[in-house]
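An overview of the molecular structure
Single-letter residue listing:
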Amino acid sequence: MGTGIEVNDTLQLTAEQGFPFELLSRQKHLEQPITIESLRGRLFSFRKEGARIFHLDPVRVFLVQNIDGKWLCWGHALIQSQQIAKRLEPDGSWNGQWETSGTFLIRTIYDPVEQEHATRRETPSGRSFFD
């Protein structure tokens, strides 16, 4: 019997999981690149299915937006907190599933050209936003 804990160096999130899509938009980034200064000090929350451990600040994790299964690399994040908890049903029962939640800061934002290069280079085959 083993454990189902994943160790991740990538914080890959959908909007529903906590990706700050209202601040980070590829279209807006192309029109006027988003700078780290506009995001500095802002704390963001995330929630993902499964038991996961992310590298902790000061070690970076890659920040990736999941858009309908396609990955778009944005830069680096620093995990500030994380919690693994049982995912309970509305009646309070546990069906064996776990959930990881936490907070992060954004440390680095790729410029639009670097974003495309990183996305093509770092994403799994068939998952690149640009494929």
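The following paragraphs examine the structure supplied in this document.

**Re a nonpolar patch on the surface**
- Judged by side-chain polarity, Ile5, Val7, Ile53, Ile84, Leu88, Trp94 and Trp98 come together as a nonpolar surface patch covering roughly 620 Å² of accessible area.
- Taken together, the elements giving at least two residues each to the nonpolar patch come down to strand 1 (5-8), strand 6 (70-88) and strand 7 (94-109).
- Here Ile5 is to be found in strand 1.

**Here we look at the nonpolar core**
- Grouped together as the largest cluster of nonpolar side chains are 19 residues, with contacts concentrated most on Leu11, Leu24, Leu63, Trp74, Phe104 and Ile106.
- Only strand 2 (10-13), strand 3 (44-49), strand 5 (61-67), strand 6 and strand 7 provide two or more residues apiece to this core.
- The element contributing the most residues to this core is strand 6, with four residues.
- Listed in part, the six residues of the second largest apolar core include Val64, Trp71, Cys73 and Tyr110.

**Things to note about the side chain of Thr123**
- Along the chain, Thr123 turns up in the segment after helix 2 (112-122).
- From its side chain, Thr123 meets the backbone oxygen of Thr119 in a polar contact 2.6 Å long.
- Apart from the residues within four sequence positions on either side, Thr123 is in contact with Trp71, Cys73, Ala118 and Ser128.

**A few points about the sheet that holds strand 3**
- Ordered in space as 2-5-6-7-3, the five strands form an open sheet in which the pairing is mixed. The sheet is open, and its two edges are formed by strand 2 and strand 3, each paired on a single side. Within this sheet the neighbouring strands show an average axis-to-axis angle of 45 degrees, counted without direction.
- Sheet topology places strand 6 next to strand 7; twelve bridges connect them, and they run antiparallel.

The rules behind the values
Within every chain, residues take consecutive numbers counted from 1 along the sequence as written. Reporting of local features is limited, given that this is a predicted model, to residues whose pLDDT is at least 70; pairs of side-chain atoms are given and counted only at 80 or more, and all residues count toward the totals for whole chains, interfaces and linings. Note that the side-chain values use all heavy atoms of the structure and ignore hydrogens as well as water. Only residues whose relative accessible area exceeds 30% and that form no salt bridge are eligible for patches; like-charged ones are grouped when within 9 Å, while nonpolar side chains (Val, Leu, Ile, Met, Phe, Trp, Tyr) are grouped when within 5 Å. Computed by Shrake-Rupley with a 1.4 Å probe, the accessible areas treat only the displayed protein chains as cover when residues are assessed. A pair is scored as a salt bridge if a Lys or Arg side-chain nitrogen falls within 4 Å of a carboxyl oxygen belonging to Asp or Glu. In DSSP terms, a helix is any run of H or I states spanning at least four residues, a strand is any run of E spanning at least two, and both are numbered starting from the N terminus. Definition of nonpolar core: a set of buried residues of the types Ala, Val, Leu, Ile, Met, Phe, Trp, Tyr and Cys, connected through side-chain atoms within 4.5 Å. Here the term buried applies to any residue with accessible area under 20% of the maximum for its type, exposed to any over 50%, and partly exposed to those in between, with areas from a 1.4 Å probe on protein chains only. Polar contacts, as used here, are pairs of N or O atoms within 3.5 Å; protein pairs need one atom able to donate a hydrogen and one able to accept it. Residues neighboring in sequence count only if both atoms are side-chain atoms. Whether two residues touch is decided by their heavy atoms; if any such pair falls within 4.5 Å, the residues are in contact. Here, any two strands with at least 2 DSSP bridges between them count as paired. Between N-to-C directions, angles cover 0 to 180 degrees, with each direction set by a line fitted to C-alpha atoms, over the stretch in contact for helices.

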